[in-house]
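One letter stands for each residue in the lines below.
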Amino acid sequence: MTERKKSTIPFVGLHAHSVCSVFDGLGFPNEHMDFAYSNGCDALALTDHGNMNGLPYQVLHAKKMRDAGKEFKPIFGVEAYFHPDLKQWHKDKEAIEQERKAAKGRAKKEDDETSGVTIEDEEATKKGIKNVLNKRRHLILLAQNQTGLNNIFQLISKSYTEECYYRFPRVDYAMLAEHSEGVIAASACLGGVYAGDMWENQEQGDEAVLAAMRETTRRMQEVFGDRWYGELQWNKFPEQHKLNNYVIQVADEMGVKLISTADSHYPTPDAWRSRIIYKRLGWLGKKSDAKEMPADIAEVGYELYPKNGDDMWASYKQYSEQAGFTYDDKLVEDSIRRTHEIAHERIEDFLPDTEVRLPSFVIPEGKTADEALKELAEVGLKKVFHIKNKKKNVHRISKVYTERLERELDVIGKLKFSQYFLTMSAISDKANEFQLTGPGRGSGAGSLVAYALGITQVDPILYDLQFERFLLADNPEGFCTEEEGITPVETVLYEIVLENGDSIKLTPNMSIKIHRNGKNTLVKVEGLTEGDELMVA
């Protein structure tokens, strides 16, 4: 077992991406958490682009780590896409769309205008964006507690509505002000809100940039108060160091505290090459500028793994010297240490509230959930049985059905699942008003109660389906698990070994471009054969 590293400078990564940042981040959250722990860290934030899809992985792995005696704190967050005023943006968007229609526009609306999948375009974001429709900047949001987490959930949900979405989900000042309680915010990277001020005003000179950044700071402080932080990052690019110096100056003028972040995108230091390949796969057919693979990490100019404090200090020293910029060492060290203070003094050690809250209106007044479910199930069974047998002129319900229904209702009542069944019945009734629904899926199709309520359309007695495959009275969780003989489905990944010895792992149904038998073609990963040449733009 590899010995856990120790860092002389405390640090927590408050800006990090996993595979849930599609075609940008690499590795599942648990991989990032494990490496961060082995690298001497005791916490890590996850801030994927525009979503919190990695949160369940964080929660489950944090519990697993604690059970193993590893004290590690998951921090829940997002790197949101920000626009100052979405009402104005939406008006501009509608005007542009009207102009396009008047000019007959395009024959087909592009898929990525309304797609629910957000693919970060790093090159486009980290410079000036001239297209009004594409305007957005990065903004780090971290949950201090359950209230903050609920507010970030609200912001993400709203960001994907039609009023806020065009290729990317967006939030603005008004939305942030409404949902700022319990939320810490930071200015992000070269694609962030401060960077946007730099890109859009640099031609007018330093004072124009600083004036814009002061206004952004003023408005962010109005929303977040002292929970607004200026973010410094360390790489070889001169633009990053120009931005760092602007941020340091404005922060000093306006009382903003600074943090340094690693902006990690892959779980281990040696995964940088795989991440480059993965990013290029995401843009196959969309970007034609083929580039040679960097020879080493020095050529890349940054390292985006979960660093510890000593790693951060080394990056600062190395890249500031390479770029020819000098800084106040104490200021930088404080910005590194401050991340640990934020993680442990400003952010609570909590896991998301997972209590199931079912609607009360599904229970008729004057009845208990058990009584309501029993009545509804008996009426439903009579209706189903009558439809099944009306051609045979049979109206009596078979004893095997009544006994099975009674047994299932008894188990459901003991497990306190009656309200859950009533809720699912109401949902399926509403769904059936608008569309055809499937006959049933998984072990739930073994429930006669579900069949009687119309949740499923499969007669479990006719097809000899066992209710015990769905619910067990003697299981505290209720649901049948692996211990009862049901093995969960595991994700299958295909490992592709490259000529240089590196490897990448992809899902079997992912389409990739290859060269085979003298032709370029698109195939699923599971259809690859030996000798296929992977084409990476």
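Residues numbered from 1 in each chain as written. Predicted model: local features only at pLDDT ≥ 70, side-chain atom pairs only at ≥ 80, totals over all residues. Heavy atoms only, no water.

A. Representation of the pairing of strand β8 (residues 503–506). Burial along β8 is one-sided: the residues Ile504 and Leu506 are buried and none of Ser503 and Lys505 is. When strand β7 (residues 494–497) meets β8, the two strands line up antiparallel, connected through four bridges. Within β8, the position partnered with Ile496 by the bridge is Ile504. Here β7 folds back onto β8, and the loop between the two strands holds five residues, one of which, Gly501, carries a positive phi near 100°. (Buried < 20%, exposed > 50% of the residue type's maximum accessible area, 1.4 Å probe, protein only. Helix = DSSP H or I, 4+ residues; strand = E, 2+ residues; numbered from the N terminus. Pairing = 2+ DSSP bridges.)

B. Just the sheet that holds strand β3 (residues 137–143), in detail. Strand order in the open sheet made by the six strands is β1-β2-β3-β4-β5-β6, with mixed pairing throughout. At either end of the open sheet lies a strand with only one pairing partner, and these are β1 (43–46) and β6 (257–260). Here the strands of the sheet are splayed against their neighbours by 35° on average, with no regard to which way each runs. The pairing of β3 with strand β4 (residues 183–186) spans four bridges and is classified as antiparallel. Across the sheet, residue Ala143 finds its bridge partner in β4, namely Val183. Relative to β3, helix α5 (residues 146–159) is tilted by about 150°, and along the sheet it contacts β2 (73–82), β3 and β4. (Axes fitted to C-alpha atoms, helices over the stretch in contact; angles between N-to-C directions. Contact = heavy atoms within 4.5 Å.)

C. Summary view of the pairing of β2. Burial of β2 is extensive: ten of the ten residues sit out of reach of the surface. What you see with β2 is no split at all: Lys73, Ile75, Gly77, Glu79 and Tyr81 on one side and Pro74, Phe76, Val78, Ala80 and Phe82 on the other are buried throughout. Two strands pair when backbone bridges link them, and β1 and β2 are joined in this way by four bridges, in the parallel orientation. Bridge pairing in β2 places Ala45 opposite Ile75. Inspection of the sheet shows β2 paired to β3 by six bridges, in the antiparallel sense. Within β3, the residue paired with Val78 across the bridge is Leu141.

D. Structural context of the side chain of His32. Mapped onto the secondary structure, His32 falls in helix α1 (residues 29–38). You can call His32 buried: its relative accessible area is 2%. Of note is the side chain of His32, whose polar atom sits 2.8 Å from the backbone oxygen of Leu26. (Polar contact = N/O pair within 3.5 Å; in protein donor to acceptor, adjacent residues only side chain to side chain.)

E. A look at the sheet that holds strand β10 (residues 519–524). The strand order across the open sheet built from three strands is β10-β9-β11, with neighbouring strands paired in antiparallel fashion. Lying at the two open borders of the sheet, with one neighbouring strand each, are β10 and β11 (533–534). With six bridges joining them, strand β9 (residues 511–516) and β10 adopt antiparallel strand pairing. Within β10, the position partnered with Ile514 by the bridge is Thr521.

F. Region of the structure containing a nonpolar patch on the surface. A cluster of nonpolar side chains, contributed by Val356, Leu358 and Tyr420, occupies part of the molecular surface with about 250 Å² of accessible area. Take Val356: it is sitting in the loop between α13 (329–346) and α14 (369–389). Residue classification places Val356 among the exposed positions, given a relative accessible area of 64%. (Patch = residues over 30% accessible without salt bridge, like charges linked within 9 Å, V, L, I, M, F, W, Y side chains within 5 Å. Areas by Shrake-Rupley, 256 points an atom, 1.4 Å probe, with all protein chains shown as cover. Salt bridge = Lys/Arg side-chain N within 4 Å of Asp/Glu carboxyl O.)

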